[in-house]
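Here's the letter readout for the chains.
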Amino acid sequence: MGREAEARLLRRRLDAVGDGPVVTGLVGEPGAGKTALVAAAADVARSRGFAVLTARGSAAEASLPFAALHQLLRPLLPKVDQLSSRQRGALLACFGMGEADDVNPLFVSLATLELLVEHAVSAPVLVCLDDLDRMDRPSVDALGFVARRLRGERVVVVCTSRSPGTELGDRSTDEWTVLQGLDADASTELLHSRSTRLSPALEQRVVRESGGNPLALLEFATALEAGRQAWTDLDDDLPMTARLEAAFAVRAGELDHAGRAVVDVAAVDDGSILRDVLAAATILHGAAVDAEAAAPAQVLGLLVVSGDHCRIASPLVGSALRQTMSAARRRQAHAALAEVLVADRDRAMWHRAAAVDGRDEQVAADLERAAADARRRGAVATAAGWLERAAALSLDPAARTSRLLGSAELAFELGRFEQVEQIKARVAGAELDVRDRSRLAWLEGAFHDGSSSEPSEVSRLVGLARRATTDGDVDLALQLLFGAARRVWWRDPGDGVRAEIVDAVRNVPVPAQDPRILAAMALAESFDLSPIVIDQLRQWPPDAGGSPDLAGLLGIAAFCVGEFERADTFLTLAIQELRAQGRLSLLAEALAIRSWTEVNLGIFEPARSAEEAVRLGDETGQAVWAATARIAVAVADGVSGRWVPRHVLLAEAEHTAVRTPNASSSLLAGVQQARGMAELGADRPEQAFGELQRIFVPDDPAFQRVQQLWAVGYLADAAVRTGRRDEARELLEVPVRLAGATPASGYAIALEYADAVLADDASAEAAFADALAGAARSYPWHRARLQLAHGSWLRRQRRVVESRDPLRAARGTFAALGAATWAARADHELRAAGELGWQPVTSPREDLSAQEAQIAELAAQGLSNREIGQRLFVSHRTVGSHLYRIFPKLGITSRNQLAGALARRG
C-alpha cells in the first residue's frame, strides 16, 4: 500500500519480458518497502506462469564465495547435466559439490547463463535478488556477467539495494528506481490497514516521526500498542535507521537467555540452517537450546523460521541485535558457529577469523590458505577479502604487508582500482623488503599500464628490477621491466631511460629469444632493436609453443617493431586460447592490440576484433584498452562511409586520455590518425593534413614516437593534395631517420608510399614502380592506395588513358574491402579521366551488426550454436536468435547458405 507506482513498474517489466531493460532495481533505505515490492512482483509472476528464482544477501554470507548464486540456482541444479563438461565442472566446484584444480569464474557465469536461458524456454523466468549490496562479490560478478547477456531472453531480473551506486549489469541493461518516503495520506492509509488502536494524536506523531518509511510506521505503532515507548525518548534528529534499531533492541530485551542466544547466533550468521543455529546457541548459552526457545523471538518479529531454516526478520533487526551485543559476546557467537560448522570449511574459517580478539598468526595463516583455495575455485574477490583479513590478524609486520599486497594483486586482477589504491595507501608507510617494494612498484603502474611515465619513476622500476635480478628473482625482474617498457610506449620518457631499460633487460639471465625479453625490448626501443627482435621472432614457430601467454608477448613484440602480419598471427593464437580459457582481461587486451594490427594491415572489419574488445574492455574495467579499440572502430567507420565528424567513440577515447595521462599520447595519436584517415576518404585533404600533422609535432599532446610511422603515408597523401610537399618532407625527416634500415614490413609500406607520392615529377614514375613492387604488393589496401595515388599522378601528367587501369584496380579493391569512401574517391578520379557508368554496390553483410557478423562467420565455418555461444560468451539461444535475424538480412533461408552470402557483394 502506498507503492502503487513502483508495483505497476514491476508489473510492466513482467509484461515486457524479453524486451526493454533486463534489470529493474529498487533503491531505498531500510524499511522502505523494497522486499515487499519484490515479493508482490514474485506473486504476480507466479500467477502468470513465470518460474521464480530468489536469492537474498546477508552480512554473514557476504564473505562466502558464490553463496547467493547457490541460493538462486538451487532449483536448477538437477539440470546441470545439460551443460558442457567445463561449465558443469566449474559450477559444481564453486558450490563445493565437485572437485577442480582451478575454477575459472567465467565458466561459472556461462553455466549460470545457460541454465537461466534454457529454463526460460518452457516458462519465463523472474530472478529476484534482495539486498544485492549485501551479496558475496563472486555471485554479484557472475550475475552481472549474465545480466549483460540477457537482452532479448525471457528473463526479468528484479533486485534491491540500500546503496544508490549499486549496479548489476551496466547502463544499457539496468534501470534503477529510488523509493522515496510515503506521503502523509499514504502513510495514514498504511497505518490504518494494520492498526486502529492509536489515538489521533499518536497516529499523527507516528506518521511524522516515520518520515514515510513503511517499516517505521508499522514498528512504531506496534511499539506504542505494546507499551514499548523507548523510541519516543530518542532525539528527533537521530537517523530513521537508528530509531528502528532502538525499537528492535527493546524487543530483544524481552527474551530469556536461551531465546537471546538463538537470535544472537542468527544475527552473526544470518540465513542459517535452524539446527546449526540451535547447536551454536547451545554452546553460547551453556545449556541445551531447542526450537521452542526460538518461538518468542518469532512472536516478537525478530526471527523468521521456515521449515528447517531460520533467518533474522530484517537487516535492521540484525544490526540492532549486533549493536546490543558486547564485542566479547559477538566473538563467542562466532566461535560457537565455527565449532558447529567445522564441515563447511569456508564458513567455519570465516567465523574463526571473526572470533579472534587481537592478532593470531595461526588463524591468519589458515585464512591465507583458505584464500588460495578460494582463488583456485574461481572466487577471486573472496580470496582478496580473506587476504586482507589475514593481514589484519598477522603478528609479523612483514607477513602483514605481504598479505595486503597479495590482496591488492587480486583486486587488480578483478579491475578494482579503488581497492588497490586503498591498500597501496596502507602499505606505503610500512617497512618493506626488496621483493615487496618491487610488488608495490608494479602495482603503482598496474592500472592503465602505469600511473606515471616520469623518467624518475620509470628509472625506479628499472632499479628494482636490477635488484630482483641480483636476488635471482627473474620472473619479478622481467615483470617490472615489462611494466617499465610499457610506460615508454604510452608516453616516451626519453632516450636515457629507454637505454636503462634495454641494459637491464639484457642483464637478466634468460635466453635472448624469451618472449618477455623480446616484448620489453620492442616496447622500449621499437626502432633501434627491431632487427634483433625480428630475427628472434623468426625463430619462433607460428604456434608459439602452444602457450597463449607466450603468443601474446610475441604478438606485442612483433606489433611494436612493425611486423604486423606476424603480430596478427601470434595474437590470433593468443586470442583463441585466452577465449577457450575464459581469461577475459587478457583477451580484451589481445583483441585491442590485434584491432590495430588490422588497421595497419588494411583490414577494416570491426567485427573481427575491435568491437568485441570494446565490450570486454568495458566489462573488465580496462579503460585504456577499451579506448584503444574504440579508436579502431572509428577508423573502420571512416573508411566504410559511416563516419560522422563528432564521432562519439573518439570523444569517449579522448575522455579516457584525459583521465589517464600516462596513456594520453598514444590514445590521442590514434584519435588524430582516425580523423585524418576519415577526412582523406571524404576528400577533405586540408582537414586531413591538420589532423595528421599533430602526431608529428614533438610538443603536441598527440605526438607519439612510434605511431607517427603508422601515419606517414596518410600525411604524405594529404600534403600532396594540399601543396605541402616541402612541409611534409620536413615533418617526415625524424620518423624516416628513426626507421633507419629496419626490416619491418609495416614501416617499409608507409615509407615507400611516402617516397612515391612526395617524389618530384622526374622521379615519381620510378618511385611508384618501386613501391608497387615493394612491401605493399601483398596487402590489398596498401596496394590499392598506391594504385589510386599512381593513377591520380598519371592523370595530372595528362596521361589519361594510362591512368584508368590503376584507378580501376584501386576502385575495385576498395569496393571489395568495403572501403566505400575510398572507392568513391577512385571513381571520382576515373570520371575525371573520362570513364563513367560505375555504380557502387553494397554487400548484404554491411547490414549486420559486429556481433551478428561474428556469429554468421562462425556458423558458416560449421560451428554449432552452443560452440559459438561458448566462444563469444553468450548463451546458445542468443546465438539462435541472432541467426534468426541474420538470415533475412542476407537474403537466405538456411545455415548452409551462409558462406556464399558472406562472400557475395551486391
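This text gives an overview of the structure that appears in the document.

Rules behind the numbers
Residues numbered from 1 in each chain as written. Predicted model: local features only at pLDDT ≥ 70, side-chain atom pairs only at ≥ 80, totals over all residues. Heavy atoms only, no water. Helix = DSSP H or I, 4+ residues; strand = E, 2+ residues; numbered from the N terminus. Buried < 20%, exposed > 50% of the residue type's maximum accessible area, 1.4 Å probe, protein only. Contact = heavy atoms within 4.5 Å. Areas by Shrake-Rupley, 256 points an atom, 1.4 Å probe, with all protein chains shown as cover. Lys, Arg positive; Asp, Glu negative; His and termini not counted. Charge placed at Lys NZ, Arg CZ, Asp CG, Glu CD. Salt bridge = Lys/Arg side-chain N within 4 Å of Asp/Glu carboxyl O.

Some words on the overall build of the chain
And then number 1: Scanning the chain from terminus to terminus reveals 45 helices and seven strands.
And then number 2: In terms of principal-axis extent, the alpha carbons of the chain reach across some 105 × 65 × 50 Å.
And then number 3: Taken across its 906 residues, the chain has 57% of its residues classed as buried.
And then number 4: Here the contacts in the chain between residues at least 6 apart in sequence split such that 68% fall between residues at least 24 apart.
And then number 5: Here the chain displays about 36,000 Å² of accessible surface, and carbon together with sulfur accounts for 50% of that area.
And then number 6: Of the charged side chains in the chain, 102 are positive and 120 negative, and the gap between their average positions amounts to 3 Å.

Side note on the environment of Leu481
And then number 1: Within the secondary structure, Leu481 sits in helix α23 (residues 474-490).
And then number 2: Taking the C-alpha atoms as reference points, Leu481 and Ala504, separated by 23 residues in sequence, lie 7.8 Å from one another.
And then number 3: Once you skip the residues sitting within four places of it in the chain, Leu481 turns out to touch Val462, Ala465, Ile501, Ala504, Val505, Val508 and Ala520.

Some points on the pattern of salt bridges
And then number 1: Applying the stated criterion to the full structure yields 59 salt bridges.
And then number 2: In this structure, the salt-bridge partner of Asp436 is Arg439, at a minimum N-O distance of 2.9 Å. With Asp436 and Arg439 both in helix α21 (residues 434-444), this residue pair falls three residues apart, about one helical turn. Here the two residues Asp436 and Arg439 agree in accessibility, since each one is buried.
And then number 3: Notably, a salt bridge pairs Asp827 with Arg811, separated by 2.7 Å at the nearest N-O pair. On the criterion of sequence distance, the pair formed by Asp827 in helix α41 (residues 820-832) and Arg811 in helix α40 (residues 800-817) is long-range, its members being 16 residues apart.
And then number 4: Overall, Asp827 belongs to the buried group, its relative accessible area being 7%.
And then number 5: Among the charged side chains, a network of salt bridges with common partners joins Asp805, Arg808, Arg811, Asp827, Arg831 and Glu835.

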